[in-house]
Amino acid sequence: MPRYDLVSRPRRLRTTPAVRRLAAQTRVHPSDLILPVFVREGLAEPAPLGSMPGVVQHSMDSLRRAAAEAVAKGLGGFMIFGVPAERDPEGSAGCDPEGILNRALRAVRAEVGDDLVVMADLCLDEFTDHGHCGVLAEDGTVDNDATLEIYGRMAVAQAEAGAHVLGPSGMMDGQVGVIRSALDEAGHPDVAVLAYSAKYSSAFYGPFREAVDSQLQGDRRSYQMDPANRREALHELQLDLDEGADMVMVKPAMSYLDILRDVAEVSPVPVSAYQISGEYAMIEAAAANGWIDRRAAIQESVLSIRRAGADSVLTYFAVELADWFREEN
Ligand code: PBG
């Protein structure tokens, strides 16, 4: 006997793939995805990363091919991290027009023109011999204001190399403002800043440190945010907006979806979230063991990040997600 008192039956909208597609409130479109990539100086062939199966350190040639593929797949952006051959205490290669990241930016822009948003990581950790995101004071602490001066020069070098968007990831106070004024003074008012507004000190960055051959001893707790803090994210957001951020980011994504929701609710500018290396590695490791369905887990993880409020997502799965989107839509 059907129960006629049951007026609402939410299952009606779950009956077929077609009705579920119609009822879906969130989608992951290729143009919402930003692919983070690594390019390593001196490589002739791409080098696989043990802790991130499927991800490589690119050679200059393979990086160019990856950029062309990103255009073909309709991705939204391409965030480049450079791994230099030589490091020093000041991270000089970051500001050098011939440094690996700046050369990569030029090569990628020559390949894709304006068909893909080319983004540059703006941070010193890949370039310093101590692995910190800034330069050190005599007492060994990270010197905020001395670092800002270098970030300003690095921003101009990256703009001149052709970056459309700069992503300052070092969590120095005042970094967005310094970068904005350096860009404007050097005649690059159209280069945008994607601020890592709420970047937390996270254990899940582990595999990335292999990817950039990090020299870091210790941790980044004196500059990245404390995972215990929620309200502070809104303070960081406000500061970055006041300093001229064009877009903002929450990072990591999965353990910080509450923060992402908070930021998305109030941000007047587009919000990104970064599904970081450890999030990638956990999914790959569980899938390799046959413990989860890889494709379903990847799609659910990125859908959740979009549902929590991210307009765009940085993810190492971007190319596959784009393929699956085309297959399913
Ligand atoms: C540092 C930086 C990190 C990541 C991007 N930029 C690592 C860190 O802060 O230690 C992590 C990205 C990832 O884990 O995928 N400039």
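Definitions and limits used
- Residues numbered from 1 in each chain as written.
- Predicted model: local features only at pLDDT ≥ 70, side-chain atom pairs only at ≥ 80, totals over all residues.
- Heavy atoms only, no water.
- Helix = DSSP H or I, 4+ residues; strand = E, 2+ residues; numbered from the N terminus.
- Rg over C-alpha atoms; globule rule 2.2 N^0.38 Å.
- Buried < 20%, exposed > 50% of the residue type's maximum accessible area, 1.4 Å probe, protein only.
- Contact = heavy atoms within 4.5 Å.
- Areas by Shrake-Rupley, 256 points an atom, 1.4 Å probe, with all protein chains shown as cover.
- Lys, Arg positive; Asp, Glu negative; His and termini not counted.
- Charge placed at Lys NZ, Arg CZ, Asp CG, Glu CD.
- Axes fitted to C-alpha atoms, helices over the stretch in contact; angles between N-to-C directions.
- Parallel < 35°, antiparallel > 145°, perpendicular 65-115°, else oblique.
- Left-handed = near helix turned anticlockwise from the far one by under 90°.
- Nonpolar A, V, L, I, M, F, W, Y, C, P; charged D, E, K, R; others polar.
- Patch = residues over 30% accessible without salt bridge, like charges linked within 9 Å, V, L, I, M, F, W, Y side chains within 5 Å.
- Salt bridge = Lys/Arg side-chain N within 4 Å of Asp/Glu carboxyl O.
- Near = heavy atom within 4 Å.
- Polar contact = N/O pair within 3.5 Å; in protein donor to acceptor, adjacent residues only side chain to side chain.
- Pairing = 2+ DSSP bridges.
- Disulfide = S-S within 2.5 Å.
- Core = buried A, V, L, I, M, F, W, Y, C linked by side-chain atoms within 4.5 Å.

Draft legend 1. Spotlight on the overall build of the protein chain. Per the secondary structure count, the protein chain includes 11 helices and 10 strands. Expected size for 329 residues packed as a compact globule is a radius of gyration near 20 Å; at 20 Å, the protein chain falls within 12% of this value. If one aligns the C-alpha atoms of the protein chain with their principal axes, the spans along those axes are about 80 × 45 × 40 Å. For the protein chain, the proportion of its 329 residues judged to be buried stands at 53%. In the protein chain, the share of contacts with a sequence separation of at least 24, taken over all contacts with a separation of at least 6, comes to 74%. Within the structure as shown, the protein chain displays about 14900 Å² of accessible surface, and the carbon and sulfur contribution to it stands at 50%. Measuring between centres, the 31 positive side-chain charges of the protein chain sit 13 Å from its 50 negative side-chain charges.

Draft legend 2. Structural view of the packing of helix 3 (residues 100-112) against helix 4 (residues 144-161). Packing of helix 3 against helix 4 leaves a shortest axis separation of 8 Å and a crossing angle of 25 degrees. It follows from the interaxial angle that helix 3 and helix 4 lie roughly parallel. The handedness of the crossing between helix 3 and helix 4 comes out as right-handed. Residues Leu101, Asn102, Leu105, Arg106 and Arg109 of helix 3 form the contact with helix 4, whose own contacting residues are Ala157, Gln158 and Ala161. For the contact of helix 3 with helix 4, the class distribution of residues is 4 nonpolar, 2 polar and 2 charged.

Draft legend 3. Summary view of a nonpolar patch on the surface. A grouping of Phe204, Met254 and Met282 is seen on the molecular surface, where their side chains present a nonpolar patch of about 250 Å² in accessible area. In this structure, Met254 sits in the loop between strand 8 (247-251) and helix 8 (257-266).

Draft legend 4. Geometry of the site of the ligand. Surrounding the ligand, one finds 15 residues, the nearest of these being Arg209, Gln224, Lys251, Ser277 and Tyr316. Gln224 has a polar side-chain atom sitting 2.7 Å from an oxygen atom of the ligand. For the ligand, a nitrogen atom lies 3.3 Å from a polar atom in the side chain of Lys251. Taking 400 Å² as the accessible area of the ligand by itself, protein coverage stands at 100%. Of the residues belonging to the shell around the ligand, the class tally is 7 nonpolar, 3 polar and 5 charged.

Draft legend 5. Structural view of the packing of helix 7 (residues 231-242) against helix 8. Helix 8 packs onto helix 7 with a crossing angle of 40 degrees between their chain directions and a minimal axis gap of 9 Å. Taken together, the axes of helix 7 and helix 8 lie oblique to each other. Crossing geometry of helix 7 relative to helix 8 is assigned as right-handed. Side by side, helix 7 and helix 8 meet where Ala233, Leu234 and Leu237 of the first sit next to Ile259, Asp262, Val263 and Val266 of the second. For the contact of helix 7 with helix 8, the residue count by class is 6 nonpolar, no polar and 1 charged.

Draft legend 6. A look at the pairing of strand 1 (residues 33-40). Burial of strand 1 is extensive: 7 of the 8 residues sit out of reach of the surface. As paired elements, strand 1 and strand 10 (residues 312-315) share 2 bridges and run parallel to each other. Considered in strand 10, the bridge of Ile34 is made with Leu314. Alignment of strand 1 against strand 4 (residues 77-83), held across 7 bridges, turns out to be parallel. In the sheet register, Val39 faces strand 4, and the bridge partner there is Gly82. Pairing of strand 1 with strand 3 (residues 56-58) involves 2 bridges; the strand directions are parallel.

Draft legend 7. Structural context of the state of the cysteines. A full pass over the atoms with the stated rule returns 0 disulfides. Cys133 supplies the cysteine sulfur nearest to Cys123, a cysteine that is in no disulfide, at a spacing of 3.5 Å.

Draft legend 8. Expanded view of the environment of Tyr196. Within the fold, Tyr196 resides in strand 7 (residues 192-199). Considered as a pair, Tyr196 and Ala245 are 49 residues apart in the sequence and their alpha carbons are 9.4 Å apart. What Tyr196 contacts, discounting residues up to four positions off in sequence, is Met79, Phe81, Asp121, Gly167, Pro168, Ser169, Met171, Asp240, Met249, Lys251 and Tyr274.

Draft legend 9. Up close: a positive patch on the surface. Positive charge collects at one region of the surface, where Arg9, Arg11, Arg12 and Arg14 lie side by side. Considering the arrangement of structural elements, one finds Arg11 in the segment before helix 1 (17-23). In this structure Arg11 comes out as exposed when scored by relative accessible area, which is 66%.

Draft legend 10. Focus on the nonpolar core. In terms of nonpolar packing, the biggest core is built from 102 residues, with Phe38, Leu75, Phe78, Ile80, Tyr151 and Leu166 touching the most fellow members. Once residues lying within four places of it in the same chain are set aside, the contact partners of Leu166 are Ala120, Leu122, Ala155, Gln158, Ile179, Leu183, Val191, Ala192, Val193 and Leu194.

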